[in-house]
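Analysis of the macromolecular model
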Protein chains: 2
Amino acid sequence: MIKSSLIEPDGGTLVDLIVPESQRDSKMAEVESMAKVNLTRIDMEWVHVISEGWASPLRGFMRESEYLQSLHFNCLRMEDGSVVNMSLPIVLAIDDETKGRIGSSLHVALVGPLGDCVAILRSIEIYKHNKEERIARTWGTTAPGLPYVDEVITPSGDWLIGGDLEVLKPIKYSDGLDNYRLSPKQLRKEFESRNADAVFAFQLRNPVHNGHALLMNDIRKRLLEMGYKNPILLLHPLGGFTKADDVPLDVRMEQHSKVLEDGVLDPETTIVAIFPSPMHYAGPTEVQWHAKARINAGANFYIVGRDPAGMAHPTEKRDLYDPDHGKKVLTMAPGLHKLNILPFKVAAYDNRENKMAFFDPTRAKDFLFISGTKMRAYAKNGENPPNGFMCPSGWKVLVEYYQSSQAEEASQ
Amino acid sequence: MIKSSLIEPDGGTLVDLIVPESQRDSKMAEVESMAKVNLTRIDMEWVHVISEGWASPLRGFMRESEYLQSLHFNCLRMEDGSVVNMSLPIVLAIDDETKGRIGSSLHVALVGPLGDCVAILRSIEIYKHNKEERIARTWGTTAPGLPYVDEVITPSGDWLIGGDLEVLKPIKYSDGLDNYRLSPKQLRKEFESRNADAVFAFQLRNPVHNGHALLMNDIRKRLLEMGYKNPILLLHPLGGFTKADDVPLDVRMEQHSKVLEDGVLDPETTIVAIFPSPMHYAGPTEVQWHAKARINAGANFYIVGRDPAGMAHPTEKRDLYDPDHGKKVLTMAPGLHKLNILPFKVAAYDNRENKMAFFDPTRAKDFLFISGTKMRAYAKNGENPPNGFMCPSGWKVLVEYYQSSQAEEASQ
């Protein structure tokens with residue numbers, strides 16, 4: 001009964017590309033003689049993502065046929081004619097020298113930033129990395145200043161290498177947060193053990209304020225009214241690459257802990273886990289990836305707000321994306337029709353009630369919108385936001401982070 | 001028997017948006033009181049395209065939901081869950097002033113460049129025209145110098161207006177070529193009356209040389225070998241907007257006539273007609289449109305060559321698209337799986353045999369590739385290309401065109 005109410009992973013089976021312990025030694029020996037490909041920190045995040053099945057049914061870095069389908073159609077057509085969503089190219093770039101070293105090898109070994117072989121890429125295919133086209137079709141702009149482009153794509157090589165991935169052992173970060181890095185398989189088990197009959201996922205890369213909490217508690221209430229007996233919230237902060245002015249993962253995780261300790265969100269019906277993907281800030285294209293990965297983790301409801309995965313245009317004074325397009329594109333996206341999309345109600349600080357509340361346009365002047373920029377300004381200046389904006393223990397985490405980073409800057 | 005072998009139009013029924021003569025007067029009267037939207041010459045080409053069902057099941061200029069699906073997924077999901085290909089945004093741009101004039105009107109009248117009302121757009125929706133995003137996602141670049149962008153998009157308004165189209169009478173050009181402008185319905189009738197059991201379409205915007213002819217005749221032979229009794233070639237030059245250095249439509253049509261008169265292509269098994277669409281030069285994105293429109297006209301085989309709808313990168317010394325991507329994307333494209341894709345064999349001038357022949361890589365040095373640029377240089381200088389490159393009467397048409405345009409330039 002419970003199992004059937006959790007959504008099936010894309011392609012029916014959850015991909016798991018981590019080599020069983022019994023085969024590890026023989027694979028490790030095999031790797032010795034293979035051509036080596038060096039991975040960056042962000043390549044490693046993708047190895048992590050692929051290995052655990054977040055991108056199921058993708059079994060490795062994309063070959064050209066998958067890359068082209070992702071770029072042009074945001075989805076892959078499977079052999080049985082079914083379609084799965086796949087909006088971001090999940091690719092591995094190599095330079096001329098590495099390509100030369102690989103020569104006509106069939107398989108290569110992937111080497112992590114610390115110099116250890118972390119994975120094998122089998123039956124490889126090497127094809128051209130047209131960066132301009134990839135950027136234009138993924139972001140809908142080629143303006144300079146896109147964080148993922150500047151950090152990852154521009155410095156990368158002119159070739160892409162695709163193939164089937166075998167990861168030699170589970171990817172760990174040893175940053176004290178690995179216990180939050182639950183794989184889709186682990187999350188599904190957790191939902192089952194809690195007897196969840198609905199899982200609603202909330203993707204975030206920012207601290208949780210009481211407006212978010214209001215929304216998530218409201219959604220739980222709505223799901224109960226719809227007849228679900230035990231809806232579980234997957235509070236799912238993104239753990240991979242983020243831009244420099246986003247709050248770092250460790251600070252966010254501490255802030256999220258406080259929110260749960262404080263009871264703003266109910267620990268009994270909430271699971272906090274880290275989503276290991278890097279962030280593209282590619283708006284309507286990326287929100288599909290954020291939703292699709294959560295299907296694979298068992299979520300059947302997805303909360304989407306204003307301008308998901310969006311940012312300011314890097315060179316013009318406007319949002320890069322129409323703030324409504326993310327939600328619209330998500331409801332239209334091939335392969336995502338099985339997911340229930342829950343649009344975000346806008347919450348703001350209600351000066352009359354002194355708390356975060358759903359915005360009421362009939363008394364708009366009572367409401368104060370506290371943007372991320374404004375929130376950071378409060379925290380940097382050691383000012384308190386209006387009472388009821390965020391639980392005090394969560395707010396303290398942010399103030400301490402901003403003040404210590406200012407102190408650090410000042411001492412440099 | 002014959003009908004079933006011709007491919008069904010997308011969505012099952014061919015859209016026909018031309019108002020029946022019996023209703024024309026009442027519609028004309030209705031139009032009087034409507035807000036007016038002025039069309040450019042190229043908007044008119046799209047009115048023509050939509051009205052005859054080339055873009056079936058599209059029934060007018062795209063509303064936002066169709067636009068977003070086209071931009072992100074290159075296809076539309078229909079109400080019954082089926083998917084049709086729709087790779088180019090087919091949209092109508094208006095400026096602030098026109099938007100203001102329309103106000104809250106439900107319907108508007110579309111006014112042609114000569115000042116006459118040509119169509120009604122019903123149940124309109126106005127939404128933002130984010131040109132940068134449209135260009136980036138359609139062309140995979142935002143580099144300056146894309147012909148359709150410079151001519152059509154950049155000067156256009158900041159809003160798009162979608163709605164259901166009713167065209168008051170068939171679009172005519174009165175350029176002496178209207179008899180070549182067969183609608184999809186007329187083409188389907190023609191194929192039936194000729195008892196075609198296979199229709200293979202060849203999209204072109206260049207003069208036909210003997211290498212093209214060799215290919216088309218070879219395909220006919222292959223179709224006969226496959227068991228088709230009466231394969232018909234649809235030689236289908238594009239008739240809408242092309243870039244300034246392409247050969248103009250009237251010259252191309254005259255050249256194509258000569259090729260048929262000369263017997264290089266067999267008039268008995270060939271239909272020459274004009275495809276009224278404007279050209280985007282958007283490579284892998286546009287080739288899908290070229291193929292999709294021919295499905296609606298009844299073609300079940302589509303010939304695709306190197307770099308279809310491609311051009312040189314406007315600012316870099318390279319092809320804008322990987323020359324193989326068009327063919328690859330076409331075979332992967334949602335909604336086009338019912339079409340048989342026939343890849344183009346490369347023909348070149350064989351110096352040993354003194355004729356156009358399929359390129360034989362084992363004796364590559366015998367072959368001369370005559371590019372469009374080279375062909376134009378021959379014609380401009382009044383030089384003859386190698387014997388057997390093109391039928392002499394067809395060649396004469398080109399020489400006369402280039403020499404008269406040079407004379408015109410000199411006299412200015």
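Residues numbered from 1 in each chain as written. Chains lettered and ligands numbered in written order. Predicted model: local features only at pLDDT ≥ 70, side-chain atom pairs only at ≥ 80, totals over all residues. Heavy atoms only, no water.

1. A short note on the overall build of chain A
Per the secondary structure count, chain A includes 14 helices and 15 strands. For a compact globule of 412 residues, the expected C-alpha radius of gyration is about 22 Å, and chain A comes in at 22 Å, within 12% of that figure. Counting only C-alpha atoms and orienting by the principal axes, one finds that chain A spans roughly 70 × 60 × 35 Å. The long-range share in chain A, meaning contacts at least 24 apart out of those at least 6 apart in sequence, stands at 75%. Accessible surface for chain A amounts to roughly 16,900 Å². Of this, 49% is attributable to carbon and sulfur atoms. (Helix = DSSP H or I, 4+ residues; strand = E, 2+ residues; numbered from the N terminus. Rg over C-alpha atoms; globule rule 2.2 N^0.38 Å. Contact = heavy atoms within 4.5 Å. Areas by Shrake-Rupley, 256 points an atom, 1.4 Å probe, with all protein chains shown as cover.)

2. Remarks on the confidence of the model for chain A
Mean pLDDT for chain A: 95, with 99% of residues reaching 70 or above. Prediction confidence for the complex, expressed as pTM and ipTM, is 0.96 and 0.96 respectively. (pLDDT = per-residue confidence, 0-100.)

3. Focus: the nonpolar core
Counting residues in hydrophobic clusters, the biggest one holds 175 residues, and the most contacted among them are L110(A) and L110(B). The contacts of L110(B), once residues within four sequence positions are left out, are V37(B), L39(B), V47(B), F61(B), L92(B), D116(B), C117(B), V118(B), A119(B), L121(B) and L165(B). (Core = buried A, V, L, I, M, F, W, Y, C linked by side-chain atoms within 4.5 Å. Buried < 20%, exposed > 50% of the residue type's maximum accessible area, 1.4 Å probe, protein only.)

4. A word on the relation of the copies chain A and chain B
Each copy of the sequence occupies a distinct position, and chain A is placed on chain B by a rotation of 180° and an axial shift of 0.0 Å, giving an RMSD of 0.0 Å. What we have between these two chains is a two-fold relation. An overlap of 100% is found between the interface residues of chain A and their copies at the interface of chain B, pointing to a shared contact surface. (Least-squares fit on C-alpha atoms with pLDDT ≥ 70 in both.)

5. Here's the deal with the sheet that holds strand β8 (residues 198-204) of chain A
Residues and elements named next belong to chain A. One open sheet holds the five strands; their spatial order is β10-β9-β8-β11-β12, and the pairing between them is parallel. The open sheet has two edge strands with one neighbour each: β10 (270-272) and β12 (340-343). The average undirected angle you get between the axes of adjacent strands in this sheet is 25°. Alignment of strand β9 (residues 231-237) against β10, held across three bridges, turns out to be parallel. Residue pairing across strands places L235 opposite V272, the latter belonging to β10. Lying over the sheet, helix α9 (residues 210-225) contacts β8, β9, β11 (301-304) and β12, oriented at roughly 165° with respect to β8. (Pairing = 2+ DSSP bridges. Axes fitted to C-alpha atoms, helices over the stretch in contact; angles between N-to-C directions.)

6. Topic: the sheet that holds strand β1 (residues 35-38) of chain B
Residue and element names in this part refer to chain B. Taking strand neighbours across the sheet as the criterion, the five strands line up as β1-β5-β6-β7-β4 in an open arrangement whose pairing is mixed. Of all strands in the sheet, those bounded by a partner on one side alone are β1 and β4 (93-94). Relative to the sheet, helix α2 (residues 21-32) contacts β1, β5 (108-111), β6 (117-128) and β7 (159-167), its axis offset from that of β6 by approximately 50°.

7. Points about the interface of chain A and chain B
Facing 36 residues of chain A, the contacting portion of chain B comprises 36 residues. Summed over the three residues of chain A that lose the most area to chain B, namely F73(A), R137(A) and M332(A), the buried surface amounts to 22% of that side. Note that K128(A) is salt-bridged to D322(B), the shortest N-O span being 3.6 Å. Put simply, chain A and chain B have 18 residue pairs in polar contact (both at pLDDT 80 or more) between them. When residues of the side of chain A that touches chain B are traced back to their parent elements, those giving at least two are α4 (64-73), α6 (131-139), α11 (283-296) and α12 (325-332) of chain A. Looking at the side of chain A that touches chain B, its residues break down into 12 nonpolar, 14 polar and 10 charged. (Buried area = accessible area lost by both parts, 1.4 Å probe. Salt bridge = Lys/Arg side-chain N within 4 Å of Asp/Glu carboxyl O. Polar contact = N/O pair within 3.5 Å; in protein donor to acceptor, adjacent residues only side chain to side chain. Nonpolar A, V, L, I, M, F, W, Y, C, P; charged D, E, K, R; others polar.)

8. Considerations on the packing of helix α13 (residues 372-380) of chain B against helix α14 (residues 392-411) of chain B
Residue and element names in this part refer to chain B. Where α13 contacts α14, the axes come no closer than 8 Å and their chain directions differ by 70°. The orientation of α13 relative to α14 falls into the category roughly perpendicular. Contacts between α13 and α14 involve M375, R376, Y378, A379 and K380 on the former and, on the latter, W395, L398, V399, Y402, Q403 and Q406. Taken together, the residues of the contact of α13 with α14 break down into seven nonpolar, two polar and two charged. (Parallel < 35°, antiparallel > 145°, perpendicular 65-115°, else oblique.)

9. Let's talk about the pairing of strand β6 (residues 117-128) of chain A
Residue and element names in this part refer to chain A. Sheet topology places strand β5 (residues 108-111) next to β6; four bridges connect them, and they run antiparallel. Bridge assignment links L110 to a residue of β6, and that residue is A119. The turn joining β5 and β6, which pair antiparallel and follow one another in sequence, is formed by five residues; a positive phi near 95° is taken by G115. Summarising the sheet, β6 and strand β7 (residues 159-167) pair through eight bridges and their orientation is antiparallel. Residue pairing across strands places I126 opposite I161, the latter belonging to β7.

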